[in-house]
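Chain by chain, the residues run as shown.
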Protein chains: 2
Amino acid sequence: MYYMASTELGDRLLSSLAGEYGTPLYVYDGKMIAERYDAFYSAFSGRFANVRICYALKANTSLAVCSLLRDLGAGADVVSAGELKTALAAGFSPEDIIYTSNSKSDSDLALAVDAGVIINVDSAGELESLGKIAAGRKKTARISFRVNPGVNPKTHPKIATGLAESKFGLHIEGGLALAAYRKAARMKHIAVIGVQAHIGSQIQDAGNFVDSARRLFDFALELKKIGIALDFIDFGGGLGISYQGAKSLQPEELAKALEPVIRDGFKRLGYRPALVFEPGRYIVAESGILLTRVNSVKKTPYKNFINVDSGFNTLMRPAMYDAYHRVRIVGRKGSSETYDIAGNVCETGDILARDRMLPKARKGDIIAILDTGAYGMSMTSSYNSQTLPAEVLVRGKRADLIRQRGEQDDLYWRQKIPEDLS
Amino acid sequence: MYYMASTELGDRLLSSLAGEYGTPLYVYDGKMIAERYDAFYSAFSGRFANVRICYALKANTSLAVCSLLRDLGAGADVVSAGELKTALAAGFSPEDIIYTSNSKSDSDLALAVDAGVIINVDSAGELESLGKIAAGRKKTARISFRVNPGVNPKTHPKIATGLAESKFGLHIEGGLALAAYRKAARMKHIAVIGVQAHIGSQIQDAGNFVDSARRLFDFALELKKIGIALDFIDFGGGLGISYQGAKSLQPEELAKALEPVIRDGFKRLGYRPALVFEPGRYIVAESGILLTRVNSVKKTPYKNFINVDSGFNTLMRPAMYDAYHRVRIVGRKGSSETYDIAGNVCETGDILARDRMLPKARKGDIIAILDTGAYGMSMTSSYNSQTLPAEVLVRGKRADLIRQRGEQDDLYWRQKIPEDLS
């Protein structure tokens, strides 16, 4: 079984990229993205005939990364009108795009209907709006519903989405989801073609996916009883990685664990809907490295700090989710001192990594923050008036700048000062 | 004593602004910003001769808001090279700008030296870098040091900065700060002119400020003993507001509490340094309202959700700091249902307000999220490929669009797709 923790991009390359493009810099290993995609796809397509991997754009929305995944054969899981447009701009076909969001405006829905993507409906109210919009356009909206299967995976509460109290989806419990399907089946401009569930992020226990899959098949069977057959069952995303660099649940193991439930489900259903998966983090996280430069090293009576030129504006995960990322100093070996890597945002909570044993750090050193290919660049902001980082995609011996570094003028873009104040 | 919780911008105005400029929309009450600034300035200038209020740009970096405060007579507290440039662009004079950051690059320091702003040095290593840079430019850098006074205010741990383990400043404890002043005083291209401390954010207990001020005067006395006189003592920012709309600590009370310590400090010192304060949140928070539209209303067996067209990309504070903001439905009265206001970001944690009693909500309603003038727009991101909101500054009968709504193309700005992927 394929497994390699994090990208193996070498220090000489990283150092030269930091020199050429400056810091902070996100570097992605395209080869690893392809390997991860292939590992996921083959684990399931080796077992089942009709499998589609819809890459969850929110993990990394860079056009080049999206285009790479489109080239590899992925579909797209999008969560906003903006991501829908991005997926189209990256060349995904509308029929390969599924649009999920708890909160879609009428104009979002109209865009989705016009584009012809699959709309993953979140509520009865949304179904009603969508029916009117599709009718008004004399078009048929192809939809699934996001259902809440009531599975509670063990993960960070902020990213556990299957919880009963979640804002997402229609509860299977209490018949809410079934009622919505019943209603949708009678609507003229609505074609019900699928069901979707997504139980959370960063899940490492195949049992959670198995539970959710079983409930989805149970539910599909209920739908069959009311005369609804599905083109697809979408099991969502959520496959985690190990930010500690340990071995994590791999697609092959996941597929193996899901195989009996799916085979049994097919048997119970008497037909075989396509199987859809929406991995994001698994595909891109370990391919990414954030390079950041040491501005100063500071000793206090309590802590040693390495002050770098990134902060939570550049990498939100540590401040937002208490997330752990491995760090190392590019081109340096050993581990002689304990440091906090302090970001350059003016908040005490802006510590990118705590209590790490590293070689003695010097001003000018490049720090590599690993596994930052997912929810890194896509969550950046210009807080503290910091400009956005640059991004490079490495494929073999080739390195392409896929996003130029932001400039000060970007911060003023679309701003206006009233004349009497200027 | 002046006090009014939040802006009194009327619902008719808010509704018409949402209609004209769309949602999500940040609206600021310029009159209130001016009142808050004046309240702060007069509380201290009514008691002392030489007072400067340096507005902390990070709270709200919009050029129009910054320009308004410049017009009112404020100086600027900036925390990055980007904010420094923004302050200059908004017309602040370099001598009225103080630049604080735990992590400044050599190019940041060079920019600050060239611009002639006051540099608030954070560490011995930074002092050394700055000395070389100033010498290389044959210029004199005017500096203060940020000191860690060892005061522990009762506030959210993520925003308490005076803690002993904080990344910020030189500890007074152990003689670190004193040693740095001693060294700086001997450096040819460094002019030591001040001392600064900032003990945290959202502080509502004047006692914390009193403790910190006392230690700053104690420290200034130590400096006097080694022959260093200060042009200014900078007490930092951190004055909170009540997000619940209760009465919070006001500048007048703060000034009253600080008065004896400052008078005593002047007496002990035998001279009178200028008094600098760096409020941000206090000046702008309550002036701001985020307007967001209801996309759908959803009942689940566990919760009622109002799904809106903003998320933590638009207002980070609830997801990031578990922050509370009052919400109301524009133009609607009563309170008949309990709702969560669910953001449109594809994360379970994206709930803007929990368990709020509101009138029965309908699709299309406008929700006003109060007290969002600080750390609202300045923390926005394009996560989930959402475009940035627009901003309006209201002054009396006048409403100016000060930032146009972002567009999809902004998300592609500076991105490149390698030819073989396009």
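Residues numbered from 1 in each chain as written. Chains lettered and ligands numbered in written order. Predicted model: local features only at pLDDT ≥ 70, side-chain atom pairs only at ≥ 80, totals over all residues. Heavy atoms only, no water.

### With respect to the pairing of strand β2 (residues 51-56) of chain A
All names here are of chain A. Where burial is concerned, most of β2 is hidden: five out of the six residues are buried. With three bridges connecting them, β2 and strand β10 (residues 274-277) associate as parallel partners. Bridge pairing in β10 places I53 opposite F277. Pairing geometry for β2 and strand β3 (residues 75-78), over three bridges, is parallel. Paired with C54 across the two strands is G75, which belongs to β3. Each parallel crossover has a hand, and for β2 linked through helix α3 (residues 63-72) to β3 it is right-handed. (Buried < 20%, exposed > 50% of the residue type's maximum accessible area, 1.4 Å probe, protein only. Helix = DSSP H or I, 4+ residues; strand = E, 2+ residues; numbered from the N terminus. Pairing = 2+ DSSP bridges. Right-handed = clockwise from strand over helix to strand, strands pointing away.)

### What to know about the packing of helix α2 (residues 30-45) of chain A against helix α9 (residues 251-269) of chain A
All names here are of chain A. At a closest axis distance of 8 Å, the pairing of α2 and α9 adopts a crossing angle of 25°. With respect to their mutual orientation, α2 and α9 come out roughly parallel. Judged by the sense of rotation from one axis to the other, the crossing of α2 with α9 is right-handed. Here α2 contributes A39, F40, A43 and F44 to the contact with α9, which in turn contributes P251, E252, L254, A255 and L258. Its residues placed into classes, the contact of α2 with α9 shows eight nonpolar, no polar and one charged. (Axes fitted to C-alpha atoms, helices over the stretch in contact; angles between N-to-C directions. Parallel < 35°, antiparallel > 145°, perpendicular 65-115°, else oblique. Left-handed = near helix turned anticlockwise from the far one by under 90°. Contact = heavy atoms within 4.5 Å. Nonpolar A, V, L, I, M, F, W, Y, C, P; charged D, E, K, R; others polar.)

### Details of the pairing of strand β18 (residues 398-403) of chain A
All names here are of chain A. By the bridge criterion, five bridges tie strand β17 (residues 390-395) to β18 in an arrangement that is antiparallel. Across the sheet, residue V392 finds its bridge partner in β18, namely L401. The hairpin turn running from β17 into β18, its antiparallel successor, is two residues long, and G396 in that turn takes a positive phi close to 60°.

### What to know about the interface of chain A and chain B
Contacts between the two partners involve 100 residues from chain A and, on the opposite side, 100 residues from chain B. Across the chain A/chain B interface, buried area totals approximately 8,400 Å², and carbon plus sulfur atoms make up 51% of it. Three residues stand out in chain A for area buried against chain B, namely A:K167, A:R414 and A:L421, and they jointly supply 10% of the buried area on that side. The tally of links between chain A and chain B comes to 14 salt bridges. Across the salt bridge formed by B:R395 and A:D420, the nearest N and O atoms sit 2.7 Å from each other. One can count 56 residue pairs in polar contact (both at pLDDT 80 or more) joining chain A with chain B. For the side of chain A that touches chain B, the secondary-structure elements that each account for two or more residues are α3, α4 (81-89), β11 (288-299), β12 (304-308), α11 (317-321), β17, β18 and α12 (408-412) of chain A. The biggest single contributor to the side of chain A that touches chain B is α3(A), with six residues. Of the residues in the side of chain A that touches chain B, the class split is 35 nonpolar, 35 polar and 30 charged. (Buried area = accessible area lost by both parts, 1.4 Å probe. Salt bridge = Lys/Arg side-chain N within 4 Å of Asp/Glu carboxyl O. Polar contact = N/O pair within 3.5 Å; in protein donor to acceptor, adjacent residues only side chain to side chain.)

### Looking at α4(A)
Restricting attention to buried positions, one finds in α4(A) the residues A:A81, A:G82, A:E83, A:L84, A:T86 and A:A87. Looking at the buried positions of α4(A), the neighbouring elements they touch are α3, β3, β4 (97-100) and α5 (106-115) of chain A together with α12 (408-412) of chain B. If you check the start of α4(A), you find a side-chain oxygen 3.3 Å away from the backbone N of A:G82, and it comes from A:S80. Directly beyond the C-terminal end of α4(A), a positive phi value near 95° is found at A:G91.

### Here we look at the nonpolar core
Counting residues in hydrophobic clusters, the biggest one holds 242 residues, and the most contacted among them are A:I143 and B:I143. What B:I143 contacts, discounting residues up to four positions off in sequence, is B:I119, B:V121, B:L127, B:L130, B:A184, B:I190, B:A191, B:V192, B:I193 and B:G194. (Core = buried A, V, L, I, M, F, W, Y, C linked by side-chain atoms within 4.5 Å.)

### Thoughts on the environment of B:I143
By the secondary structure assignment, B:I143 is in strand β6 (residues 141-148). On a C-alpha basis, the gap between B:I143 and B:N120 in space is 5.6 Å, while along the polypeptide they are 23 residues apart.

### Description of the side chain of A:R317
Secondary-structure assignment places A:R317 in helix α11. In this view, A:R317 contacts A:Y243, A:R281, A:D322, A:A323, A:H325, A:A374 and A:Y375; residues no more than four positions away in its chain are not counted.

### A closer look at the domain arrangement of chain A
Residue and element names in this part refer to chain A. We note that the domain assignment places domain 1 (2-26 + 286-405) and domain 2 (30-284) within chain A. Placing the centre of domain 1 and that of domain 2 at their C-alpha centroids yields a distance of 32 Å. Across the contact, 29 residues belong to domain 1 and 28 residues belong to domain 2. Summing both sides of the interface, domain 1 and domain 2 together bury roughly 2,500 Å²; the carbon and sulfur share of this comes to 55%. (Domains from an automatic or database assignment.)

### A short note on the confidence of the model for chain A
Chain-level pLDDT for chain A is 95 on average; 96% of the residues reach the 70-or-more range. Taken over the whole predicted complex, pTM reads 0.96, whereas the ipTM for its chain interfaces reads 0.96. (pLDDT = per-residue confidence, 0-100.)

### Things to note about the packing of aromatic side chains
Residues and elements named next belong to chain A. One pass over the structure, following the stated rule, counts 29 aromatic pairs over all chains. Plain terms: the ring middles of F40 and F277 are 5.9 Å apart, the flat faces sit at 55° to each other, and that makes the pair tilted. Pair noted here: F40 is in helix α2 and F277 is in strand β10, with a separation of 237 residues, a long-range link. The class of F277 is buried, set by a relative accessible area of 2%. (Phe/Tyr/Trp six-rings, centres within 6.5 Å; stacked < 30°, edge-to-face > 60°.)

### Quick notes on the state of the cysteines
Tallying each qualifying case throughout the model produces zero disulfides over all chains. We note that B:C66 lacks a disulfide partner, and the nearest cysteine sulfur, in B:C54, lies 13 Å from it. By relative accessible area, which is 0% here, B:C66 ends up buried. For the unlinked cysteine B:C346, the closest cysteine sulfur is that of A:C54, found at 14 Å. Using a relative accessible area of 12% as the deciding quantity, one classes B:C346 as buried. (Disulfide = S-S within 2.5 Å.)

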